[in-house]
Amino acid sequence: MSLTTVTASTGRAPVDPRRQQLSAFLRSRRERITPEQVGLPMTGRRRTPGLRREEVAQLAAVGVTWYTWLEQGREIQVSVQVLDAVARALLLDPSERAHLFTLAGAEDPTPVRECPTVTPGVRLTLDRMAPYPAAVINSRYDVLAYNAQYTGIVGDLEALPPEDRNLMWLAFTPSRFREVLVDHEDEREVMVARFRSGMGEHGGEPAWRTLLCRLRKASPVFDEAWQRHDVLRPGNGLKRFLLPEVGLLRFEYTSFWLGPSQGPRMVVYTPKDEESAALLTRLPTRLPSPAGAAAADGAVPAR
């Protein structure tokens, strides 16, 4: 029996299961977003969490009735252009966007593929950097790839949700990275200034706005630094890490650009002195992230 065949018992066409899933998915994504995340003013008390349907329709530039029907799972024709607008309005990540198009029975005209920055050659280079810690980081401070030695500093990134594998997030919320970074107060000031510099080119992108909103809510320290409007271009420098399993490591970090300025880069940590070089052999790998670490300086726990 086709999905459009009317049943004898109800006199109505049975509901397509994918439409039911689409309805639940859109509602769940809408309810997780606050007006501040998408630049909308707070207007009075809200009886339901997240955005209203009319606000999503406004952001996606579609009719309120049409979006309501879409979220209700009605059998309506949906263009890929409208699905793209809805995906952007709801700040969907690559996996969520692909799921939206699948449930809607449409082919994404611009599918998100694996980042070409992290090629097999780049991954091989990261591994060959051992015993030096190395990672590929973009201008938003997302950690895209890394070698085993790098986990000896920041902890087991695989144990974290993808959205938390970000050095800004780790620096301003309870994490091993924040615990072992000796000059974390000064280093975080530099990171915020560089993040703001990158935001100038990417401020309209949902991923940037979402991360900024999360950081401002999670850390008063970040919010205070953000409001100073300091900017700084990416560069090289020095970092010190005090690892309980190893001791004090002094590193020079050098950025090797894999794309345009303010884009992804491979960052390699090389020992600043003989003592640090000798201690590198004791650097552990695949350390677990301290999920239960105590919050400090006003930060809200990550989970």
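About the cut-offs
- Residues numbered from 1 in each chain as written.
- Predicted model: local features only at pLDDT ≥ 70, side-chain atom pairs only at ≥ 80, totals over all residues.
- Heavy atoms only, no water.
- Helix = DSSP H or I, 4+ residues; strand = E, 2+ residues; numbered from the N terminus.
- Areas by Shrake-Rupley, 256 points an atom, 1.4 Å probe, with all protein chains shown as cover.
- Expected span 1.5 Å × (residues − 1).
- Contact = heavy atoms within 4.5 Å.
- Axes fitted to C-alpha atoms, helices over the stretch in contact; angles between N-to-C directions.
- Left-handed = near helix turned anticlockwise from the far one by under 90°.
- Nonpolar A, V, L, I, M, F, W, Y, C, P; charged D, E, K, R; others polar.
- Salt bridge = Lys/Arg side-chain N within 4 Å of Asp/Glu carboxyl O.
- Buried < 20%, exposed > 50% of the residue type's maximum accessible area, 1.4 Å probe, protein only.
- Pairing = 2+ DSSP bridges.

### Let's talk about the overall build of the protein chain
At step 1: Scanning the protein chain for helices and strands turns up 13 helices and five strands.
At step 2: When the accessible surface of the protein chain is totalled, it reaches about 15800 Å², and 54% of it is carbon and sulfur.

### Considering helix α1 (residues 17-31)
At step 1: Across its 15 residues, α1 extends 21 Å between first and last C-alpha, which sits within 8% of the 21 Å expected from 1.5 Å per residue.
At step 2: Of the surrounding elements, those touching the buried residues of α1 are α2 (53-60), α3 (64-71), α4 (80-89) and α5 (94-103).

### Some thoughts on the packing of α4 against α5
At step 1: For the pair α4 and α5, interaxial distance at closest approach is 10 Å and the crossing angle is 145°. For the element pair α4 and α5, the recorded crossing hand is right-handed. Where α4 abuts α5, its residues Val 80, Leu 83, Asp 84 and Ala 87 lie against Arg 97, Leu 100 and Phe 101.
At step 2: Its residues assigned to classes, the contact of α4 with α5 comprises five nonpolar, no polar and two charged.

### Regarding the pattern of salt bridges
At step 1: A complete count under the given rule lists 18 salt bridges for this structure.
At step 2: Between Asp 223 and Arg 216 there is a salt bridge, with the nearest N and O atoms lying 2.5 Å from each other.
At step 3: Given a relative accessible area of 35%, Arg 216 falls into the partly exposed group.
At step 4: Salt bridges linked by common partners bring Arg 29, Arg 32 and Glu 96 together as one network.

### Description of the environment of Ala 98
At step 1: As for its position among the elements, Ala 98 is in helix α5.
At step 2: Classification of Ala 98 by relative accessible area gives partly exposed; the value is 41%.
At step 3: Once the C-alpha coordinates of Ala 98 and Ala 87 are considered, the two residues, eleven residues apart in sequence, prove to be 9.4 Å apart.

### Quick word on the pairing of strand β1 (residues 134-137)
Two faces make up the sheet, and in a regular strand the side chains alternate between them.
At step 1: A two-sided burial pattern is seen for β1, the buried positions comprising Ala 134 and Val 136 on one face and Ala 135 and Ile 137 on the other.
At step 2: Across four bridges, β1 lies against strand β5 (residues 265-271) in antiparallel orientation. For Ala 134, the partnering residue across the bridge sits in β5 and is Val 268.
At step 3: In this sheet, strand β2 (residues 143-146) lies alongside β1 in antiparallel orientation, the contact comprising three bridges. Considered in β2, the bridge of Ile 137 is made with Val 143.
At step 4: Counting the residues between successive antiparallel strands, the hairpin from β1 to β2 contains five residues, one of them, Tyr 141, with a positive phi of roughly 70°.

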